[in-house]
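Examination of the molecular architecture
For reference, the chains in residue letters:
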Amino acid sequence: MARSREYQWCTWFGEGRTSLGDEPKSGRPKTSTNEENTTRVDELIRCDRRMKIREIALKLEIPKSTVHEIVHDTLGYRKVSARWVPKMLTEDHKLQRVEISQRLLQRCQQDNGDEDTTHIGVGPCGDFQANNNLFDNLITGDETWVHLNTPETKRDSMTWKHPSSPVTKKFKVQRSAAKVMATVFWDAKGVILLDILPQGQCINAARYCSTLDRLKEAIRRKRPGLLRRGVVLQHDNATPHSANLTQQWLQRYGWEILPHPAHSPDLAPSDFHLFGPLKRHLGGMAFETEDDLISELRNWFDNLDVDFFRVGINSLLSRWQKCIDLHGDYIE
């Protein structure tokens, strides 16, 4: 080291320096990440929300790394897929959803003798709870197709791996054509009736009334006193449910129908709480016969904890409130 360099280091240490490493430097000044380019990138994205990073870089003639920094760090954008919804709701549909949700919440308030839904209560799992006649007498039900061979979803087949581990492969498998229709009626205590249609048959008004006959007998055995107090049935507006034959059956036995807005699976407990876990459980399973599938369905329902059903029924309160807060739009 030159003597002048030694003097310089002695002077630095005399002034209080203790490190032998280089001082941090600002590096090369950033010329692309400036206010002008940030504004131009923002304008391009607002004009075309599907524009790619590469396309923006080519159009503005700046590096892709700079565009990535502007988009994610400076502007805070993130690219997401569109959310699937059952139907494009019209303003009339949204208004109907809000009005029905308001009526049902008001009924819960009256049953609890409260003027505010915030006093209904929150359970240990974060779900709203209501100790009222509505939920005590409520039975909900719906139909779903169940395949003898249900492929495992890509998300459910994800595994942990090291960087050096071989890449796993998943072959595309189609659901089997053989399927049965399962009708499930349940309440806050568990499943009351599981009815399976043979292969090749689907539900109609006459068959649905026959299922309601079996449901009435199941209620008599499993829920003593409920028929005397009065059943409140919650089902959607499918054709077999709203047919004249079904309405006559319900009127004959004095069952009350809980109002349900059209195109609203997010307000039906079977759709948003029960059938999803059921299909995930069946993912990757293949059954030789229909009886094997039915046996697996019954075992799965029997092994569910009662809290699972209680949470599904009680979550109706929070979903009605969310529907109102979203002005009738679908709940995520």
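Residues numbered from 1 in each chain as written. Predicted model: local features only at pLDDT ≥ 70, side-chain atom pairs only at ≥ 80, totals over all residues. Heavy atoms only, no water.

Here we take up the packing of helix α3 (residues 53–60) against helix α4 (residues 64–74). The interhelical angle for the contact between α3 and α4, taken along N-to-C directions, is 115°, at an axis separation of 9 Å. In this view, α3 runs roughly perpendicular relative to α4, as classed from their interaxial angle. The handedness of the crossing between α3 and α4 comes out as right-handed. Of the residues in α4, those touching α3 at Ile53, Arg54, Ile56 and Ala57 are Lys64, Val67, His68 and Val71. For the contact of α3 with α4, the per-class residue count stands at five nonpolar, one polar and two charged. (Axes fitted to C-alpha atoms, helices over the stretch in contact; angles between N-to-C directions. Helix = DSSP H or I, 4+ residues; strand = E, 2+ residues; numbered from the N terminus. Parallel < 35°, antiparallel > 145°, perpendicular 65-115°, else oblique. Left-handed = near helix turned anticlockwise from the far one by under 90°. Contact = heavy atoms within 4.5 Å. Nonpolar A, V, L, I, M, F, W, Y, C, P; charged D, E, K, R; others polar.)

We now examine the pairing of strand β4 (residues 190–197). Among the eight residues of β4, eight are classified as buried, and the element is accordingly described as predominantly covered. The turn joining strand β3 (residues 179–187) and β4, which pair antiparallel and follow one another in sequence, is formed by two residues. (Buried < 20%, exposed > 50% of the residue type's maximum accessible area, 1.4 Å probe, protein only. Pairing = 2+ DSSP bridges.)

Tracing the backbone shows glutamate 290 in helix α12 (residues 290–303). Residues glutamate 290 and histidine 147, 143 residues apart in the sequence, show an inter-C-alpha distance of 9.3 Å. Excluding residues within four positions of it along the chain, glutamate 290 makes contact with Leu148, Val180, Ile196, Leu197, Pro198 and Gln199.

The next point concerns the pairing of β3. By the criterion of burial, β3 is predominantly enclosed, with eight of the nine residues buried. As judged from the eight bridges shared by strand β1 (residues 138–147) and β3, these two strands associate in the antiparallel manner. Counted as the bridge partner of tryptophan 145 is methionine 181 from β3. Across seven bridges, β3 lies against β4 in antiparallel orientation.

Turning our attention to the pattern of salt bridges. Where charged atoms from two side chains of opposite charge approach closely, those side chains can pair. Taken as a whole and assessed by the stated rule, the structure comprises nine salt bridges. Between aspartate 42 and arginine 46 there is a salt bridge, with the nearest N and O atoms lying 3.2 Å from each other. With aspartate 42 and arginine 46 both in helix α2 (residues 35–47) and four residues apart, the pair spans about one turn of that helix. Aspartate 42 sits in the buried class, given a relative accessible area of 18%. Judged by relative accessible area, arginine 46 falls into the exposed class, the value being 54%. Residue arginine 223 is joined to aspartate 187 by a salt bridge in which the shortest nitrogen-to-oxygen separation is 2.8 Å. Taken as a pair, arginine 223 in the loop between α7 (205–222) and α8 (226–229) and aspartate 187 in strand β3 lie far apart in primary sequence, 36 residues in all. We note that arginine 223, like aspartate 187, is buried. Salt bridges linked by common partners bring Asp195, Arg207 and Arg214 together as one network. (Salt bridge = Lys/Arg side-chain N within 4 Å of Asp/Glu carboxyl O.)

Across the chain, pLDDT averages 86, with 88% of residues at or above 70. Taken as a whole, residues 117–131 scores under 50 in pLDDT and shows 32 contacts with residues more than four places along the chain or in a different chain. (pLDDT = per-residue confidence, 0-100.)

The next subject is unusual backbone geometry. We note that glutamate 61 has phi near 60°; this positive angle belongs to a residue other than glycine. When you line up the elements, glutamate 61 lands in the loop between α3 and α4. Glutamate 61 sits in the exposed class, given a relative accessible area of 71%. Notably, histidine 263 is not glycine yet its phi reads approximately 55°, a positive angle.

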